[in-house]
Amino acid sequence: LNSHNPVFRGTITDAPDFDPTTDAEALYNAMKGIGSDKEAILELVTSRSNAQRQEVVAAYKCSFGQDLIADLKYELTGKFERLIVSLMKTSAYHDAKEIHDALKGVGTNERCLIEILASRNNRQILEMVAAYKDAYGRDMEEDVIADTSGHFKKMLVVLLQGTRDESGVVDADLVEQDAQDLYAAGEEQWGTDEAKFIMILGSRSVTHLRMVFDAYEKIADMSIEDSIKNELSGDFERLMLAVVQCIRNVPMFFAKRLYKSMKGLGTADNTLIRIMISRSEIDMLDIRECFRLAYEKSLYNMIKDDTSGDYKRTLLNLCGGDDDLAGEFFPEAAQIAYKMWETSAMTKVQLRPTVRPAPSFDPAADAQALRKAMKGFGTDEDAIIDIVAQRSNAQRQEIRQAFKSLLGRDLMKDLKSELSKNLERLIIGLMLTPAEFDAKMMRKAMEGAGTDEHSLIEILVTRSNEEILAMNAAYKNGEFDTKKDIHITFLFWKLFTLFNRLYSVQGAREEGPADEERASADAQELADACNAESDEMELKFMSILCTRSFPHLRKVFQEFVRCSNKDIEQVIRNEMSGDVKNAFCAIVRSVKNQPSYFADRLYKAMKGLGTDDRALIRIMVSRSEVDLFNIRKEFKDTHDVSLHEFIQVETMIVSRSPCQLTLLFAFCGGLWVCGYCTAV
């Protein structure tokens with residue numbers, strides 16, 4: 001889909017000195033007798049191109065009078081059998097089978113339809129449609145129409161025609177017209193003209209649409225993706241977003257699909273098999289690089305950790321190598337990385353909270369209502385939550401004052417007396433000012449046996465100059481006495497002290513836009529430091545990453561790719577260790593996309609056994625009036641589940657009181673209605 005004449009960058013290529021008859025005999029020998037030599041089968045199959053495998057299938061029948069695919073099905077089992085048998089089919093017949101399986105039976109696998117039809121070029125679609133007719137004696141378009149509906153169905157039918165313009169010719173006037181038409185069809189009017197989106201996104205060339213998306217962003221002051229999310233919904237929204245992602249960057253689209261297939265509990269094996277097979281001869285090298293750019297590990301290592309046995313070994317052969325060991329980019333992948341940082345620098349993100357000031361606010365009435373909720377036997381936790389979660393922090397401070405002046409009591413002490421455990425932490429956290437809350441979180445991270453360096457890093461990396469200064473002032477002694485905390489490693493102590501010195505003495509991480517000339521110089525200094533001794537390298541990285549403004553660092557990291565052919569985060573992960581590595585990675589991820597960084601922190605706080613309640617509370621409280629809506633969006637985009645749902649499932653709803661969950665959902669921007677959370 002990337003171009004009319006694509007450059008193939010697969011991990012599987014034609015085997016030299018290929019002899020189909022010899023291979024057919026080797027496979028026959030691997031399957032005869034009791035048991036089968038699975039290692040021999042997987043090594044042979046994954047070291048031949050698809051075209052060569054078709055020759056082996058034909059040679060097998062000529063030599064032994066048997067159907068190779070039927071024999072493989074008989075000898076092998078489970079996911080390994082599915083993977084090997086799928087590898088022996090042509091690409092068109094494999095896609096046709098995937099579409100057939102997505103449509104048959106009760107329910108439809110819409111995500112499979114979306115993935116295949118959004119990512120294939122005209123030739124691939126037409127060959128797939130013909131293979132479907134040959135294999136099943138049915139018309140693919142008719143089956144899709146029978147199993148889908150609405151605008152989703154219409155866009156699928158458009159894509160099934162395989163008539164996207166692939167000429168590569170771009171008409172500048174038509175680019176502007178299409179951008180204006182898309183804006184008029186969505187953001188500019190009440191309601192949406194879905195037909196216009198279908199016509200333009202379903203027929204225009206890749207090059208043309210990339211220019212349309214750039215022009216659209218200038219007109220609408222938002223990306224086409226954000227407009228689609230605003231204007232469309234359901235499977236139709238997912239399909240149109242997939243089309244846009246494939247127009248922009250097919251390898252990144254598949255990298256995200258692969259990540260989602262393996263993250264969390266269980267593996268979506270059908271998706272994993274389909275992508276690894278279909279892209280192994282096309283762009284797997286670029287997918288690997290995009291995967292490494294977007295996530296914290298190589299595709300190779302994620303497959304290694306998430307699968308097992310012969311199935312794993314076959315997938316790893318298709319993957320072709322471990323990029324965590326390599327470090328450097330392939331030329332095309334370096335261009336992708338450079339473009340990603342450029343896009344990050346250009347993207348305008350409007351930060352959106354989930355908690356806003358309540359209208360018709362009366363602090364005296366709220367103070368009286370809170371006192372009533374805590375008087376007598378028992379505590380009306382719902383009443384407390386209903387007030388606290390629906391007031392801004394500034395309004396809560398007014399309530400604290402009113403409670404003291406009207407009732408002569410300390411609201412914080414009363415709340416601590418009446419509430420307990422996580423609900424108490426949540427409510428008290430909300431009632432503190434942001435500076436008091438951050439200072440308290442810093443102290444909690446350093447008290448007792450051991451230090452919670454991840455919490456320290458999160459707070460120090462993501463707060464603004466003003467927020468750091470306010471936190472310092474709120475802290476009991478005005479500054480952090482890290483020397484008293486023997487659990488902080490020496491290098492992390494240097495980093496921590498630098499943060500402290502910058503913010504409490506100089507008062508500033510630099511602010512303002514990027515200086516392009518200085519950014520190039522900074523990038524070159526970082527690249528040169530990669531060849532220095534470990535301590536010298538860390539100090540040089542510290543002097544730039546901890547002092548430059550975020551807009552400037554985006555440009556630095558972009559230029560770093562150009563002058564080193566490496567990704568800054570991968571260098572940090574490979575060359576550094578411990579808390580310093582974690583701190584620098586947190587800076588890089590925050591510079592790239594801070595809401596995404598917090599979404600990842602929330603995911604890690606809840607996944608697996610047990611929940612890191614302190615991290616969950618800290619992020620939900622501190623971001624609720626800043627960018628929690630953006631964090632929700634990033635969470636859904638990355639993990640394919642809403643933050644509401646994830647909190648509900650991963651914090652084990654049955655083991656928590658409704659009050660605690662109500663408050664968490666209130667932060668998240670939802671309403672608790674009769675035990676059911678709905679997004680607002």
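Residues numbered from 1 in each chain as written. Predicted model: local features only at pLDDT ≥ 70, side-chain atom pairs only at ≥ 80, totals over all residues. Heavy atoms only, no water.

A few words now on the overall build of the chain. Along the backbone of the chain there are 40 helices and 2 strands. Looking at the chain as a whole, 52% of its 680 residues are labelled buried. Put simply, 74% of the contacts in the chain that link residues at least 6 apart link residues at least 24 apart. For the chain, the exposed area adds up to about 30200 Å²; of that, 50% sits on carbon and sulfur atoms. (Helix = DSSP H or I, 4+ residues; strand = E, 2+ residues; numbered from the N terminus. Buried < 20%, exposed > 50% of the residue type's maximum accessible area, 1.4 Å probe, protein only. Contact = heavy atoms within 4.5 Å. Areas by Shrake-Rupley, 256 points an atom, 1.4 Å probe, with all protein chains shown as cover.)

This next bit is on a positive patch on the surface. Where like charges cluster on the molecular surface, the positive patch consists of Lys404, Lys413, Lys416, Arg425, Lys440 and Arg614. Its place among the elements puts lysine 416 in helix α26 (residues 411–418). (Patch = residues over 30% accessible without salt bridge, like charges linked within 9 Å, V, L, I, M, F, W, Y side chains within 5 Å. Salt bridge = Lys/Arg side-chain N within 4 Å of Asp/Glu carboxyl O. Lys, Arg positive; Asp, Glu negative; His and termini not counted. Charge placed at Lys NZ, Arg CZ, Asp CG, Glu CD.)

Moving on, we get to the packing of aromatic side chains. Taken as a whole and judged by the stated rule, the model has 15 aromatic pairs. On the basis of an interplanar angle of 5° and a centroid distance of 4.1 Å, the ring pair of tyrosine 28 and phenylalanine 64 is categorised as stacked. Residue tyrosine 28 is found in helix α1 (residues 20–31), and its partner phenylalanine 64 is found in helix α3 (residues 50–64); the two are separated by 36 residues along the sequence. Look at tyrosine 28 and you get partly exposed, because its relative accessible area is 26%. Seen in terms of ring centroids, phenylalanine 541 and phenylalanine 584 are 6.3 Å apart; in terms of plane orientation they differ by 45°. Their pairing is tilted. (Phe/Tyr/Trp six-rings, centres within 6.5 Å; stacked < 30°, edge-to-face > 60°.)

Below, the discussion takes up the side chain of arginine 48. Secondary-structure assignment places arginine 48 in the loop between α2 (38–45) and α3. Its relative accessible area of 16% is what places arginine 48 among the buried residues. One polar contact links arginine 48 to serine 47, side chain to side chain, over a distance of 2.7 Å. Ignoring sequence-local partners within four residues, the contact set of arginine 48 consists of Ile12, Thr13, Ala15, Phe18, Asp23 and Arg53. (Polar contact = N/O pair within 3.5 Å; in protein donor to acceptor, adjacent residues only side chain to side chain.)

We now examine unusual backbone geometry. The backbone of aspartate 17 sits at a positive phi, close to 50°, despite the residue not being glycine. Given the relative accessible area of 80%, aspartate 17 is considered exposed. Positioned with a positive phi, serine 360 is a non-glycine residue whose angle comes to about 50°.

This brings us to the pattern of salt bridges. For the structure shown, the criterion picks out 40 salt bridges. Measuring nitrogen to oxygen at the nearest pair gives 2.9 Å for the salt bridge that ties glutamate 458 to arginine 618. Placement of glutamate 458 in helix α29 (residues 453–462) and of arginine 618 in helix α37 (residues 613–623) is noted, with a sequence separation of 160 residues between them. For the residue pair glutamate 458 and arginine 618, the accessibility class agrees, reading buried in each case. A salt bridge links aspartate 637 to lysine 633, with the shortest nitrogen-to-oxygen separation between them at 3.7 Å. One end of the pair, aspartate 637, and the other, lysine 633, are both in helix α38 (residues 628–639), 4 residues apart, so they sit about a helical turn from each other. Ionic contacts of the salt-bridge type, sharing partners, join the residues Glu98, Glu115, Arg257 and Arg274 into one network.

Here glycine 168 shows up in the loop between α10 (150–160) and α11 (172–185). Residue classification places glycine 168 among the partly exposed positions, given a relative accessible area of 46%. Taking the C-alpha atoms as reference points, glycine 168 and valine 206, 38 residues apart in sequence, are found 7.8 Å from one another.

Residues Met276, Leu299, Phe541, Leu545 and Phe584 are the most contacted members of the largest nonpolar core, which totals 150 residues. Apart from the residues lying within four places of it in its own chain, the contact partners of leucine 545 are Arg509, Leu526, Leu553, Phe557, Ile572, Phe584, Ile587 and Val588. The next biggest cluster of nonpolar side chains, apart from the first, holds 37 residues, and it includes Met374, Val388, Met441 and Met471. (Core = buried A, V, L, I, M, F, W, Y, C linked by side-chain atoms within 4.5 Å.)

What follows concerns the packing of helix α16 (residues 250–262) against helix α19 (residues 299–306). Helix-helix packing is characterised by the crossing angle of the two axes and by the distance between the axes. In the contact formed by α16 and α19, the axes pass within 10 Å of each other and the chain directions differ by 20°. What the angle tells us is that α16 and α19 run roughly parallel. Here α16 runs over α19; the crossing is left-handed. Contacts from Leu258, Tyr259 and Met262 in α16 reach Leu299, Met302, Ile303 and Asp306 in α19. When the residues that make up the contact of α16 with α19 are grouped by side-chain class, the tally is 6 nonpolar, no polar and 1 charged. (Axes fitted to C-alpha atoms, helices over the stretch in contact; angles between N-to-C directions. Parallel < 35°, antiparallel > 145°, perpendicular 65-115°, else oblique. Left-handed = near helix turned anticlockwise from the far one by under 90°. Nonpolar A, V, L, I, M, F, W, Y, C, P; charged D, E, K, R; others polar.)

Moving on, we get to the confidence of the model for the chain. Regions with low pLDDT should not have their predicted coordinates read in detail. A residue-level look at the chain finds 88% of positions with pLDDT of 70 or above and a mean pLDDT of 87. For the stretch residues 502–507, pLDDT sits under 50, and the model shows 18 contacts to residues farther than four places along the chain or on other chains. Here residues 671–680 is a poorly scored stretch, pLDDT under 50, and it has 20 contacts once near neighbours within four places are set aside; other chains count. (pLDDT = per-residue confidence, 0-100.)

Another aspect to go through is helix α24 (residues 381–388). Within α24 the residues assigned to the buried category are Ile384, Ile385, Ile387 and Val388. Angularly, the buried residues of α24 cover 165° about the axis, an arc narrow enough to put them on a single face. (Arc of directions from axis to C-beta.)

What follows covers the side chain of aspartate 269. With respect to the helices, strands and loops of the structure, aspartate 269 is situated in helix α17 (residues 269–279). When residues no more than four places from it in sequence are discounted, the contact partners of aspartate 269 are Lys79, Arg82 and Tyr311.

All right, on to helix α32 (residues 516–529) then. Taking 1.5 Å as the rise per residue, α32 with 14 residues should run 20 Å; its terminal C-alpha atoms sit 20 Å apart, in good agreement. In this fold, the buried residues of α32 make contact with α33 (534–545), α34 (550–564) and α35 (568–575). Its side-chain oxygen at 3.2 Å from the backbone nitrogen of glutamate 517, aspartate 515 defines the N-terminal cap of α32. (Expected span 1.5 Å × (residues − 1).)

A word on the packing of helix α6 (residues 91–103) against helix α8 (residues 122–136). The interhelical angle for the contact between α6 and α8, taken along N-to-C directions, is 70°, at an axis separation of 8 Å. Considering their axes alone, α6 and α8 lie roughly perpendicular with respect to each other. At the point where α6 passes α8, the crossing takes the right-handed sense. Of the residues in α8, those in contact with Ala92, Tyr93, Asp95, Ala96, Lys97, Ile99, His100 and Leu103 of α6 are Glu127, Met128, Ala131, Tyr132, Asp134, Ala135 and Tyr136. Classifying every residue of the contact of α6 with α8 by side-chain character gives 10 nonpolar, 1 polar and 4 charged.

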